[in-house]
Amino acid sequence: MSRTTTYLELSQEGGGAHKFYEVTVEGANVSVRYGRIGAPGQLQTSSFPTEQKARDAAQRKIGEKVRKGYAPAVQGGRAARPVTRRQVSSAPSTARAAAPVLWRFRTGSAAFGIHIGEDRCWVGNQAGDVHTLGHDGEVLARYSLPEGVKCLVADDFWIYAGCDDGTVYDLSSKVPFAAYAVAPDVDIFWLDIHEGVLDVSDADGGLTVIDHEDEFQWSRRSPGGQAWMVRADGRAVYHGHQRGVTAYAPDGNGELWHTPTAGGVLFGWQEEHAVYAGTTRNVVQRLAKADGAVEATYRCDAAVYSCATSADGRHVFAGDSASSVYCFDADGTRLWKLRTGGGSALSMQYREERLYMVTTDGSLLCMDASEAAVADARRGSVPVARDVKSAAALPTYTPPSSAAAVATVAEPPAGGVVVECIPSGGGRLRVHVVSEGYEPSWNVQFPRGIREAGARYVVDALHPADSGFYRVRGEIRRLV
């Protein structure tokens with residue numbers, strides 16, 4: 001049985017692409033392996049009625065990638081994208097009382113990504129799995145991404161997963177799509193997004209800003225490396241690193257303020273008027289967004305891996321490297337310290353009297369953070385944590401590998417919105433709305449991987465952003 005393999009790569013300095021695509025034809029079978037250069041990638045295999053049909057299908061796939069800029073390469077000739085994972089340790093807690101954990105979901109791999117929305121919880125791990133759960137712990141769905149998840153961030157009701165390969169996926173509909181691609185020389189540590197603008201902090205203390213069209217806007221280098229914090233709002237981008245927190249103007253036009261912190265920053269949180277920095281020297285510090293002034297300090301007993309606050313900043317929570325979780329009054333008074341029962345909290349989020357934590361063993365914990373539950377916990381009365389299991393037939397969604405993988409329709413369904421890929425200057429393809437009732441000059445945030453000149457697509461809905469572009473809501477299908 002004959003066997004042929006074609007190996008292609010796309011690796012452009014500063015362009016965000018650092019990927020490979022390998023097609024193998026063996027008899028009537030075609031195998032496609034793709035992903036980040038230096039990683040095993042994902043494998044898909046298809047069977048065809050004859051060997052000739054298999055070869056024809058393989059040539060179509062190869063031609064499609066070549067048209068998008070991929071070129072023949074020697075495997076191993078390019079270095080893998082730099083990927084740094086936080087090196088963490090987790091000691092046993094010295095707290096006497098256990099935290100009132102209601103339920104626990106084990107993701108199966110170390111996890112940092114967490115977002116708690118109005119109707120569901122999201123957790124992403126380093127195996128590339130993102131699970132969604134109800135607030136009662138019921139597992140609803142799973143997304144399988146090609147690379148490990150760095151973090152999960154939300155922008156209004158859009159959810160994004162930043163991955164090790166530099167791709168940031170929009171998970172707001174059933175089929176995830178690549179919305180942003182970070183340049184291959186950026187060793188990503190953390191991400192945030194505000195009104196479609198992506199902010200990336202990295203290993204060297206750099207800050208990179210990318211707009212909704214996935215195009216580089218500006219970058220800065222802060223005075224300290226190991227930048228594990230980036231938060232953004234309409235007033236500034238707040239960048240936390242080994243030497244403190246630096247605030248930059250949203251348009252990149254200068255530094256607004258810099259505040260040294262007690263220890264290097266390991267995690268950041270923000271509320272309307274303040275940012276919170278958890279540090280290596282066992283504290284969380286609250287900094288005023290207006291001028292960077294330190295307004296309060298919250299002292300823990302070990303390095304702070306994560307922090308969060310109640311919606312009004314009334315209470316401040318922290319997770320340390322010794323498997324403990326703390327609660328403070330706004331002025332810095334410690335109210336309690338409890339054992340998590342599941343390792344150290346690497347990330348956390350508070351919502352409606354519950355504190356959700358992702359721990360060093362890859363679990364998502366839901367803790368009752370109401371005043372009554374905390375009081376009971378201090379007296380040693382806590383519920384028995386319920387272990388949540390995935391359903392046997394859990395829906396799993398993966399991103400399309402190419403335009404050919406997108407579902408097609410002959411006519412737009414009722415209520416669908418039609419958009420078109422239009423060539424622009426510099427060889428770019430922009431996406432504009434064709435349907436009536438929308439501003440035709442606005443661009444649509446649309447996955448680059450499936451754009452083809454002149455192609456038309458139908459989406460379930462478009463929503464305008466304050467900065468003058470449309471975002472896709474729901475499924476994307478190609479009109480044929």
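Everything numeric here is computed off the predicted structure, so don't read it as measured data. (Residues numbered from 1 in each chain as written. Predicted model: local features only at pLDDT ≥ 70, side-chain atom pairs only at ≥ 80, totals over all residues. Heavy atoms only, no water.)

Peer 1: For the overall build of the protein, give the residues involved together with the corresponding values.
Peer 2: Tallying secondary structure elements over the protein gives two helices and 41 strands in all. A compact globule built from 480 residues would reach a C-alpha radius of gyration of about 23 Å, and the protein, at 23 Å, matches this within 12%. Referenced to the eigenvectors of the C-alpha coordinate spread, the extents of the protein come out at roughly 75 × 50 × 50 Å. Within the protein, the fraction of its 480 residues that count as buried is 57%. When contacts within the protein are restricted to residue pairs at least 6 apart in sequence, long-range pairs at least 24 apart make up 49% of them. Of the accessible surface of the protein, which amounts to about 19,900 Å², a share of 47% is contributed by carbon and sulfur atoms. Across the protein, the mean location of the 50 positive side-chain charges is 5 Å away from that of the 56 negative side-chain charges. (Helix = DSSP H or I, 4+ residues; strand = E, 2+ residues; numbered from the N terminus. Rg over C-alpha atoms; globule rule 2.2 N^0.38 Å. Buried < 20%, exposed > 50% of the residue type's maximum accessible area, 1.4 Å probe, protein only. Contact = heavy atoms within 4.5 Å. Areas by Shrake-Rupley, 256 points an atom, 1.4 Å probe, with all protein chains shown as cover. Lys, Arg positive; Asp, Glu negative; His and termini not counted. Charge placed at Lys NZ, Arg CZ, Asp CG, Glu CD.)

Peer 1: Please set out helix 1 (residues 51-67) residue by residue, giving values where relevant.
Peer 2: In this model helix 1 runs 24 Å from its N-terminal to its C-terminal C-alpha over 17 residues, within 8% of the 24 Å that 1.5 Å per residue would give. All buried positions along helix 1 are accounted for by Ala54, Ala57, Ala58, Ile62, Glu64 and Lys65. All buried residues of helix 1 project into a common sector of 155 degrees when viewed along the axis, lining one side. Exposed residues on helix 1 whose side chains face more than 90 degrees from its buried face are Gln59, Arg60 and Arg67. With its phi angle positive at about 110 degrees, Gly69 sits one or two positions after the end of helix 1. (Expected span 1.5 Å × (residues − 1). Arc of directions from axis to C-beta.)

Peer 1: Got a sec to walk through the packing of aromatic side chains? Specific residues and values, please.
Peer 2: Working definition: an aromatic ring pair is given by the centre-to-centre distance plus the angle between the planes. A full pass over the atoms with the stated rule returns 18 aromatic pairs. Measuring from centroid to centroid gives 6.5 Å for Tyr276 and Tyr298, while their planes differ by 40 degrees, and the two rings are tilted. Placement of Tyr276 in strand 24 (residues 274-279) and of Tyr298 in strand 26 (residues 294-299) is noted, with a sequence separation of 22 residues between them. Between the aromatic rings of Tyr438 and Tyr470, the centroid separation amounts to 5.5 Å while the plane-to-plane angle is 80 degrees, which identifies the pairing as edge-to-face. With Tyr438 in the loop between strand 38 (429-433) and strand 39 (444-445) and Tyr470 in strand 41 (residues 470-479), the pair connects residues that are 32 residues apart, well separated along the chain. We classify Tyr438 as partly exposed; its relative accessible area is 27%. Classification of Tyr470 as buried rests on a relative accessible area of 6%. Taken together, the aromatic side chains of Tyr276, Tyr298, Tyr326 and Phe328 make up a single cluster linked through ring pairs. In this arrangement the basic side chain of Lys65 is found over the ring face of Tyr21, its NZ or CZ atom lying 4.8 Å from the centre. (Phe/Tyr/Trp six-rings, centres within 6.5 Å; stacked < 30°, edge-to-face > 60°. Lys NZ or Arg CZ within 6 Å of the ring centre and 35° of its normal.)

Peer 1: Got a sec to walk through the environment of His115? Specific residues and values, please.
Peer 2: Mapped onto the elements of the fold, His115 is located in strand 7 (residues 111-116). In this structure His115 touches Arg120, Cys121, Trp122, Leu152, Ala154, Ile159 and Gln349, once residues within four positions along its chain are discounted.

Peer 1: An account of the pattern of salt bridges is needed here, citing residue identities and associated values.
Peer 2: Per the counting criterion, the structure on display carries 20 salt bridges. One salt bridge in this structure joins Arg106 and Asp361, with 3.6 Å as the shortest N-O distance. Of this pair, Arg106 sits in strand 6 (residues 101-106) while Asp361 sits in the loop between strand 32 (354-359) and strand 33 (363-368), placing them 255 residues apart in sequence. Judged by its relative accessible area of 49%, Arg106 falls in the partly exposed class. On the basis of relative accessibility, which here comes to 38%, the residue Asp361 falls in the partly exposed class. Among the charged side chains, a network of salt bridges with common partners joins Arg104, Arg106, Asp361 and Asp387. (Salt bridge = Lys/Arg side-chain N within 4 Å of Asp/Glu carboxyl O.)

Peer 1: Got a sec to walk through the sheet that holds strand 32? Specific residues and values, please.
Peer 2: Each strand in a sheet pairs with another by means of backbone hydrogen bonds, the pair being arranged parallel or else antiparallel. The mixed open sheet is built from five strands, whose spatial order is 31-32-33-6-34. Both edges of this open sheet fall to strand 31 (345-351) and strand 34 (386-388), since each of them pairs with a single strand only. Pairs of neighbouring strands in the sheet enclose a mean axial angle of 20 degrees, with direction left out of account. As defined by bridge partners, strand 31 adjoins strand 32 across six bridges and the pair is classed as antiparallel. From the neighbouring strand, Gln349 faces strand 32, where its bridge partner is Tyr356. (Pairing = 2+ DSSP bridges. Axes fitted to C-alpha atoms, helices over the stretch in contact; angles between N-to-C directions.)

Peer 1: Requested: an account of helix 2 (residues 371-378), with residues and values cited.
Peer 2: Along helix 2, the residues that are buried comprise Ala373, Val374 and Ala377. For helix 2, the buried positions fall inside an angular range of 100 degrees around the axis, keeping them on one side. Looking at helix 2, the residues exposed on the side facing more than 90 degrees away from the buried face are Glu371, Ala372 and Arg378. Buried residues in helix 2 make contact with strand 30 (334-339) and strand 33. Gly380, located one to two residues past helix 2, shows a positive phi value of around 90 degrees.

Peer 1: How would you sum up unusual backbone geometry? Please name residues and give values.
Peer 2: Non-glycine residue Asn282 carries a positive phi angle of around 70 degrees. Positionally, Asn282 belongs in the loop between strand 24 and strand 25 (283-288). Backbone geometry at Glu352 places phi at a positive 50 degrees, although glycine is not the residue there. Assignment of secondary structure puts Glu352 in the loop between strand 31 and strand 32.

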